[in-house]
Amino acid sequence: MRNWPPRLVASDDPAARAILDQAVAQIGDAVRVLQDGDRLPVVCTGGLGPFYAAALAADWPVVPARGTGVDGALDMARAWAP
């Protein structure tokens, strides 16, 4: 497991901070559109997942993933199988 936080998140570099702030805003916009007024749980994965989860938690409930991407793909395949 990686040491948290990644250097990008811990950086005091204004350019890095601007990139992260813009990324949070864009992800927030996407979640807002997908939520369509609801407050459904949001799951953040990947290396920056914990950072995004903390940033989005003020607007939506954030929950941990219940498995890996493969687990999710298998669940979807089972649900859609005839």
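S.K.: Whenever I open this one, the overall build of the protein chain confuses me. Can you help?
M.R.: Secondary structure assignment for the protein chain yields four helices and zero strands. When the helices and strands of the protein chain are placed in sequence order, the string is α-α-α-α. With respect to the principal axes defined by its C-alpha atoms, the protein chain has extents near 50 × 35 × 15 Å. Partitioning the contacts of the protein chain with sequence separation of at least 6, the portion at a separation of at least 24 is 46%. In the structure as shown, the protein chain presents an accessible area of about 6,300 Å², 60% of it carried by carbon and sulfur atoms. When the 7 positive and 9 negative side-chain charges of the protein chain are each reduced to one mean point, those points stand 6 Å apart.

S.K.: Can you walk me through helix α2 (residues 14–35) in this structure?
M.R.: Side chains that are three or four residues apart share a direction in an α-helix, a result of its 3.6 residues per turn. The first and last C-alpha atoms of α2 sit 31 Å apart over 22 residues, in line with the 32 Å expected at 1.5 Å per residue. Listed as buried for α2 are Ala-16, Leu-20, Ala-23, Val-24, Gly-28, Val-31 and Gln-35. Along the axis of α2, the buried positions cluster into a sector of 135°, meaning they face one direction only. Opposite the packed face of α2, turned more than 90 degrees from it, sit the exposed residues Pro-14, Ile-19, Gln-26 and Val-33.

S.K.: Any chance you could explain the packing of α2 against helix α3 (residues 49–56) here in plain terms?
M.R.: Each pair of packed helices can be described by the angle between their axes along with the distance between the axes. In the contact formed by α2 and α3, the axes pass within 10 Å of each other and the chain directions differ by 65°. Both α2 and α3 take part in a crossing whose hand is right-handed. On α3, the residues touching Arg-17, Leu-20, Ala-23, Val-24, Ile-27 and Gly-28 of α2 are Phe-51, Tyr-52, Ala-55 and Leu-56. The residue inventory of the contact of α2 with α3, partitioned by class, reads eight nonpolar, one polar and one charged.

S.K.: Whenever I open this one, the nonpolar core confuses me. Can you help?
M.R.: General note: in soluble globular proteins, nonpolar side chains tend to be found buried as a group. Residues Val-9, Leu-20, Ala-23, Val-24, Phe-51 and Tyr-52 constitute the largest nonpolar core, which totals six residues. Breaking this core down by element, the ones donating at least two residues are α2 and α3. The element that contributes the greatest number of residues to this core is α2, accounting for three residues. Here Leu-20 is in contact with Leu-8, Val-9, Leu-48 and Phe-51, once residues within four sequence places are set aside.

S.K.: It is not clear to me how unusual backbone geometry should be interpreted in this structure. Could you clarify?
M.R.: With glycine set apart, most residues show a phi of negative sign, and most peptide bonds adopt trans. Phi at Asp-36 is positive, roughly 50°, even though this residue is not glycine. In this fold, Asp-36 is placed in the loop between α2 and α3.

S.K.: Would you mind showing me how to read the side chain of Gln-35 here?
M.R.: Along the chain, the position of Gln-35 falls in helix α2. Of the residues examined, Gln-35 reaches a relative accessible area of 7% and is grouped as buried. Within polar-contact distance, the side chain of Gln-35 engages the backbone nitrogen of Leu-40 at 2.8 Å.

Here is what the cut-offs are and how they apply
Residues numbered from 1 in each chain as written. Predicted model: local features only at pLDDT ≥ 70, side-chain atom pairs only at ≥ 80, totals over all residues. Heavy atoms only, no water. Helix = DSSP H or I, 4+ residues; strand = E, 2+ residues; numbered from the N terminus. Contact = heavy atoms within 4.5 Å. Areas by Shrake-Rupley, 256 points an atom, 1.4 Å probe, with all protein chains shown as cover. Lys, Arg positive; Asp, Glu negative; His and termini not counted. Charge placed at Lys NZ, Arg CZ, Asp CG, Glu CD. Expected span 1.5 Å × (residues − 1). Buried < 20%, exposed > 50% of the residue type's maximum accessible area, 1.4 Å probe, protein only. Arc of directions from axis to C-beta. Axes fitted to C-alpha atoms, helices over the stretch in contact; angles between N-to-C directions. Left-handed = near helix turned anticlockwise from the far one by under 90°. Nonpolar A, V, L, I, M, F, W, Y, C, P; charged D, E, K, R; others polar. Core = buried A, V, L, I, M, F, W, Y, C linked by side-chain atoms within 4.5 Å. Polar contact = N/O pair within 3.5 Å; in protein donor to acceptor, adjacent residues only side chain to side chain.

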